[in-house]
Amino acid sequence: MAAEDLPSEFDVVILGTGLAESVVAAAFSRVGQRVLHVDRRSYYAANWASFTFNGLLTWIQEHHEESQPEEAQDWSSLLEEGEELIYLSSDPASISNVQAFCFTSEEDEEEEASSPDPPNTTEEETGGANEDVVKETSETESADLKEEETKEKPEERADGAEKEQRFTALNDGKSTVQTDVFRPITQASKTDGKEPGADQPTASAAQSQSEPAKKKISYAQLVKEGRRFNIDLVSKLLYSRGSLVDLLIKSNVSRYAEFKNVTRILTYRHGKVEQVPCSRADVFASRQLSVVEKRKLMRFLTSCVEETEEQRAYNGRPYLEFLCDQQLGDNLQHFLLHSIAMVTEDTPTEEGLSSTRHFLRCLGRYGNTPFLFPVYGLGEIPQCFCRMCAVFGGIYCLRHSVSCLVVDKTTNRCKAVVDSQGQRISCSHFVVEEGSVGTDWKMVTSPPRFLSRAVLITDGSILPSDSDQQVSMVTVPPIAAGCPAVKMVELCSSTMTCMPGTYLVHLTCQSVGSAYEDLSPVVTKLFRTPESHDQENCPSVLWCLYFNMTDSSGLEVEGHHLPSNVFVCSGPDGSLGHEHAIKQAELIFQKILPEEDFCPPAPNPEDIIYDGDNNSSSMGGEENGGAGEEENDGAGEEEEEKKEVLEENDGEEEKKEVVEEEEQSLQTEGIRLQPLETGSGSVGGSDSCSPPAGSQISRRDAVQTPEQHTASTHNPQRESASCMMGN
Amino acid sequence: MHGRVKIKSTAQQEEEKRKEREKKLKIYVAARDACFSKRKEGVWDDEALQLTQQLLSSNPDFATLWNYRREILMHIEAVKDEDEVQKVYEAELSFLESCLKVNPKSYGSWHHRGWVSARLPRPDWARELSLCDRCLSLDDRNFHCWDYRRMVVKMSGVPVDQELSFTDRLIGSNFSNYSSWHYRSTLLPLLHPESPEPPSPCREPPHSSPPPSPQTHSHRVCEEQLLKEYELVQNAFFTDPNDQSAWFYYRWLLGRAEREEMISCVYVSRDEERVAVAFSRPVNAQSVGLLLVLDGQPQRVEWRSVHPRFKHSPVWYVPVVSHVPPADKRKWSELSVEKTSVLQSELQSCNQLQELEPLNKWCLLTIILLMRALDPLGYEKETLAHFQTLKEVDSMRSAYYSDLCSKFMIENTILKMEYAEVRVFSISDKKLTTLCHLDQLLLVTHINLSSNQLQRLPPQFAMLQCLEVLEADNNSIENLEGVYHLPKLEEVLLKNNKISTLAALQPLASCPKLKRLDLRGNPVTQTANVEAELAELLPSVTDLLL
């Protein structure tokens, strides 16, 4: 970076590229503010990011490594009279208890079925923060070192006892070295001498299952096809009338993204997965409800849209009580409480009703469920906003941070920031992600909360149906008293988040224990893993990851021990929608620019002209001002920035695949959100007579991001919005 | 600042748009004129095909151009070989597809597509079906597409069961769809016909018999399938009882059998020397060749309708000159359909729904119909109560319900009369608003309609060929059109009605035996000189009450 200095003056400097920060960036840039948006990471979207399989393995590795505290450089030389410095923290530590397991064979073996070794013997334990284990894990995870690893394996297979010893050692190590990390309970129990008995039936079950024609996908294949995965760190959905969808439509940011409908709502009940009838068509078609139940359900759903006196009488009392008094029966009560309102048994009635209403309002706008999911994963969304910001002149730098703030002692306002290169950049406002603010500076009212997350790659859908391309939202009520309610999203390969033949399953809940403690019992019940015993018909877990993430939904944007023009964006929260982040972004925007419109509609590309551009009329696209670098020269091509970036990393041979992937992206036929004014917002509307959705719609229709030279020196991994205007 | 984004002003944008529009219009007009002149000159070349394509893709409703295009295509067909023709028509189909994307409800495009598909040397019907499916999945009520699809199905001979599962699919995605339900009602009788009488074991397997056509086939469905349909449609109306389409389909399922055409009653009167015949359905006796055979001798007779207004009527008579055989023969027609346990269980589920939705009109109406079908007399009280509720919840249609209720009350009274084996028809104080089924009262000698809400005695009333006494006091009758040529009528009691003119009494003059007439409480009695006028109009009346 030393080569090129950034401009020394901005209106707003934003640190962190999470959703709220990115929306704020787009909003400011859109109304003509000069925005500098930086992120210390090498990728966009912070804890909202999506990774390829290999990218995720790298991420896991990073979170196992001790992040060496950067030596706090003394920038006081940059201070002027009456100023002081506030140092930002560089270690967010929002992720903990990262544990990955592989339940499939390492290699693509032909004779797998006849092999005496059941696949699960290759299970890799990567849990804990024990340094040795972590090293080993990182080795197994990097594809380059596979050879070494296969050499290692026969030894393991030859001697089961050695393996057991390893586990023991591991647990010992953990208990001595790291006490604050939760121990995976099942592993612990194995060391209690039960292991042989517990392992035996599973092994045979797995083996009998591996005999049928369907061959299990090996770890090597997952790595090889790793680029087909887009694995989200947070698991959320877009409510089709939620604030994020409204914002995407209002701001025209929607043109950068494409969506798929969640096709069904499922729930786990009485030991099996059932479909929840929520739309009119579902209720009609449901085989599990009697006609009287159908009528009761429809009547309830219709009646609760309007607030009535009867409902008000239940204010403050549990929603469950209200449902009981409606005499709906067990079936309907379960559906309404857990799957439609998605609340707990003690949630107050008014809250339960309002989430039921929200659910119902969202039904039918784009399909038979209230939810949308972005094709290529949720990590797309913050990047879309970054892109909008960049189109209107925002400057982006990844692997670039803000080290400290320069504060005017008398006014207690942040006058400038000092970036990680030691450049002083003046700004009128500073927006920062929560993780970069040291705990001393934060005002935290409630005790810290955590989310438990699990990511599974499975080989089948949890509820097989006619179509293997279902996107399912699954609610799993607490499986025992004291357990958390789990929200699960199962994505199919047409969402472009996993390779064909696999499903990507996200589990989320509020933490009670560690992610492994909270979620592995649910995983064991619903899927076939080495720990599950009688799950013959369940899909197998090929690979899984558990981790905890800070739930910072309680954090306020201001009121901290910080200068008055510094605003804090919290990270992901545990709710299913994106309401929290959008609300926060809008709040920050309104605090700073109360008079301005928040994310007004972006004009059509052809209506944008560039000041100082000699041939502005010839510009069809928006932003070729940077006069194109290397690969971005080919304007008009369907470009897949993300793939291209990877191409940079992975070398020439990948080129062919890029083309393939492009073709695939054309076939996704996802939903494009449209502005409401056109009246065709309801894709699912019965009166919609629009022509068949064109499959030719390119995923990136408007912006050809020019890559500025500064960006290339940064070599950011993702540059979908990495452009620098200016100078 | 250098390089900042600026946005064109609205004025700029509008100016640009205006210019764009002008330019487009110029091109369009020029192309249109070129097409017209080419057509005038009878040119059928590729250029014309190109030009019409350009124009039609921006305006697919230009019928003249489609016609021109067809002329060109027919010309091509005449001069080129089959492969080339196939190619041209295939290109035409993909062009049409783009037109349909612009306007999926264009008459011109769909019609042209039908035309092209029919002429295509090697049609690809599967492709056409999938196009229809795609269109219907976007708008399941696009009737153009439904029409086209019917044509495709007919041309390609899609099996009926496949079509039935097609309707299953459409109904599954949205059951508020008359088209799908109706399509089902045409498919079911083909696929699951009601077995004729008890099915004989030696019946030929169905596939060897010629494909049944809807015209020749009965519209009834076998019971087993009916039960499945009841279940399906119940799911629909329990899910949304306010959706009409399911209820209509349900009524079709429950529907009575069409009555076969038959003679329901023959009345022979020696006194008046006439023969009257009542049919189960209105017929035109003059054209159907109805033959009167007396003592084995076919008679050359001219059948007469009971009222000059009717060309088709259920009742016809003929004056007979020769001697007639003795005694009346009477036979009453059957009114009710078969009473099955199925209907009973349907009634139960509807009652269940009515408990949940006490004010749903479709449910109430269906319950009434089911009760009618099961036991019209036994359920009379409930039926009346439900009608009362119906009139309240659906006040816009209260007159319709009153008429319907009148109809049912008359049917009930006919039944009662049948059981009692009398020729007196009495239905007073039942809030009747209309009269119907009069063809079935051919033999009635005494009718009592007092204290109802009747406004007229309609032309059908003339079917009561045996009537001697008409009681209709305390109604709102203004019009006596139907009291016409009733050969035996002697007494007419019309106290407290709304007859206001002498002209309204004119029809009575055609009844030769009328002796007694009560007009008390009618406005007409206030007319000056009424008594003398009446004496002149109705000379046979000897007992006139005013």
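Along each chain, residues carry numbers from 1 onward, in the same order as the chain's sequence is written. Ligands are numbered from 1 and chains lettered from A, in the order in which they are written. Local features in this predicted model are restricted to residues of pLDDT 70 or higher, and side-chain atom pairs are both shown and tallied only at a pLDDT of 80 or more, whereas totals for entire chains, interfaces and linings draw on every residue. To obtain the side-chain values, all non-hydrogen atoms of the structure were used and water was disregarded.

Chemist: Provide a residue-level description of the domain arrangement of chain B, including the pertinent values.
Modeler: Once the domains are mapped, chain B shows domain 1 (11–156), domain 2 (263–292 + 299–319) and domain 3 (402–544). What marks off one domain from the next here is an automatic or database domain assignment. The distance between the C-alpha centroids of domain 1 of chain B and domain 2 of chain B comes to 57 Å.

Chemist: Any details on the sheet that holds strand β7 (residues 238–239) of chain A? Residues and values, ideally.
Modeler: Two orientations exist for strands paired in a sheet by backbone hydrogen bonds: parallel and antiparallel. All names here are of chain A. Reading across the sheet, the three strands line up as β7-β11-β8 and stay open at both edges, with antiparallel pairing between neighbours. If you trace the sheet from one side to the other, it starts and ends with β7 and β8 (259–261), each paired once. As paired elements, β8 and strand β11 (residues 371–374) share three bridges and run antiparallel to each other. Paired with Phe259 across the bridge in β11 is Pro374. Between any two strands, pairing holds if DSSP finds at least two bridges. Numbering goes from the N terminus for both helices and strands, where a helix is a DSSP run of H or I of at least four residues and a strand is a run of E of at least two.

Chemist: So what's going on with the UniProt feature "domain: Rab geranylgeranyltransferase alpha subunit insert-domain" (unreviewed entry) in chain B? Which residues, and what values?
Modeler: UniProt positions are given in the numbering used here, feature names are shortened, and annotations may be inferred rather than shown by experiment. Listed under "domain: Rab geranylgeranyltransferase alpha subunit insert-domain" (unreviewed entry) in the UniProt record, and renumbered for this structure, are residues 263–318 of chain B. Along residues 263–318 of chain B the backbone is 7% helical and 55% strand, and the end-to-end C-alpha distance reaches 15 Å.

Chemist: Requested: an account of unusual backbone geometry, with residues and values cited.
Modeler: All names here are of chain A. Phi at Asn252 takes a positive value of approximately 70°, unusual for a residue other than glycine. Along the chain, Asn252 falls in the loop between α8 (243–251) and β8. With relative accessibility at 13%, the residue Asn252 sits in the buried group. Of note in the backbone geometry, Cys599 takes a positive phi value of approximately 50° without being a glycine. Within the secondary structure layout, Cys599 lies in the loop between α17 (579–592) and β22 (608–610). A simple rule labels every residue: compare its accessible area, found with a 1.4 Å probe on the protein chains alone, to the largest value its type can have, and call it buried under 20%, exposed over 50%, or partly exposed in between.

Chemist: Kindly report on the side chain of Glu274 of chain A, identifying the contributing residues and their values.
Modeler: Within the element layout of this structure, Glu274 of chain A appears in strand β10 (residues 272–275). Setting aside its immediate chain neighbours within four residues, Glu274 of chain A contacts Ile265, Leu266, Thr267, Arg269, Gln288 and Phe335 of chain A. Residue contacts follow a heavy-atom distance rule, with two residues in contact if any of their heavy atoms lie within 4.5 Å.

Chemist: So what about the packing of helix α6 (residues 125–138) of chain B against helix α7 (residues 143–156) of chain B? Which residues, and what values?
Modeler: Residue and element names in this part refer to chain B. Comment: axis = line fitted to C-alpha atoms, over the contacting stretch for helices; angle = value between 0 and 180 degrees taken between N-to-C directions. Contact geometry for α6 and α7: axes closest at 10 Å, N-to-C directions at 155°. When the interaxial angle is binned, α6 and α7 end up roughly antiparallel. Viewed along their axes, α6 and α7 form a crossing whose handedness is left-handed. Facing α6, whose interface residues are Trp125, Glu128, Leu129, Cys132, Asp133, Cys135 and Leu136, α7 presents Cys145, Trp146, Tyr148, Arg149, Met151, Val152, Val153, Met155 and Ser156. Gly is put with the polar residues, along with every residue not named as nonpolar or charged; the nonpolar set is Ala, Val, Leu, Ile, Met, Phe, Trp, Tyr, Cys and Pro, and the charged set is Asp, Glu, Lys and Arg. Residue classes in the contact of α6 with α7 are distributed as twelve nonpolar, one polar and three charged. In this scheme, roughly parallel covers angles under 35 degrees and roughly antiparallel covers those over 145, while 65 to 115 is roughly perpendicular and the rest are oblique. The sense of a crossing depends on the near helix, which, turned anticlockwise from the far helix by less than a right angle, makes the crossing left-handed and, turned clockwise, makes it right-handed.

Chemist: Please set out the nonpolar core residue by residue, giving values where relevant.
Modeler: By size, the foremost hydrophobic cluster in this structure holds 126 residues, and its most contacted members are Phe53, Trp59, Phe371, Phe385, Trp543 and Leu545 of chain A. To define a nonpolar core, start from buried Ala, Val, Leu, Ile, Met, Phe, Trp, Tyr and Cys residues and group those joined through side-chain atoms within 4.5 Å. Cys135, Phe238, Leu370 and Ala373 of chain B belong to the second largest nonpolar core, which has 53 residues in total.

Chemist: Can you break down helix α13 (residues 330–340) of chain A residue by residue, with the values?
Modeler: Residues and elements named next belong to chain A. Counting buried residues in α13 gives nine out of eleven residues, a clear majority hidden from the surface. For α13, every residue scored as buried is listed here: Leu332, Gln333, His334, Phe335, Leu336, Leu337, His338, Ser339 and Ile340. At the exit of α13 stands Met342, carrying a positive phi of roughly 50°.

Chemist: Now, about helix α9 (residues 178–191) of chain B: what can you tell me, with residues and values included?
Modeler: Residues and elements named next belong to chain B. A helix is expected to span 1.5 Å for every residue after the first. Across its 14 residues, α9 extends 20 Å between first and last C-alpha, which sits within 8% of the 20 Å expected from 1.5 Å per residue. When we look at burial in α9, the residues that qualify are Ser180, Trp181, Tyr183, Arg184, Ser185, Leu187, Leu188 and Pro189. Throughout this description, a polar contact denotes any pair of N or O atoms lying within 3.5 Å of each other; where both atoms belong to protein, one of them has to be capable of donating a hydrogen while the other can accept it, and for residues adjacent in sequence the pair is counted only when both atoms sit in side chains. Between the side-chain oxygen of the N-cap and the backbone nitrogen of Ser179 there are 3.0 Å, and the N-cap of α9 in question is Asn177.

Chemist: Any chance you could break down the pattern of salt bridges for me, citing the residues and the numbers?
Modeler: Note on pairing: side chains with opposite charge can pair once their charged atoms come close. Within this document, salt bridges are pairs made up of a side-chain nitrogen of Lys or Arg and a carboxyl oxygen of Asp or Glu, the two lying within 4 Å of each other. For the structure shown, the criterion picks out 57 salt bridges over all chains. Between Lys442 of chain A and Glu434 of chain A there is a salt bridge, and its shortest N-O distance comes to 3.4 Å. Residue Lys442 of chain A is classed as buried on the basis of its relative accessible area, which comes to 13%. When its relative accessible area of 13% is taken as the criterion, Glu434 of chain A is described as buried. Here Arg119 of chain B and Glu77 of chain B are joined by a salt bridge, their closest N and O atoms 2.9 Å apart. Of this pair, Arg119 of chain B sits in helix α5 (residues 107–119) while Glu77 of chain B sits in helix α3 (residues 63–79), placing them 42 residues apart in sequence. Take Glu77 of chain B: its relative accessible area is 28%, and that puts it in the partly exposed class. One salt-bridge network, in which partners are shared between bridges, spans Glu97, Arg113, Arg127, Glu128 and Arg134 of chain B.

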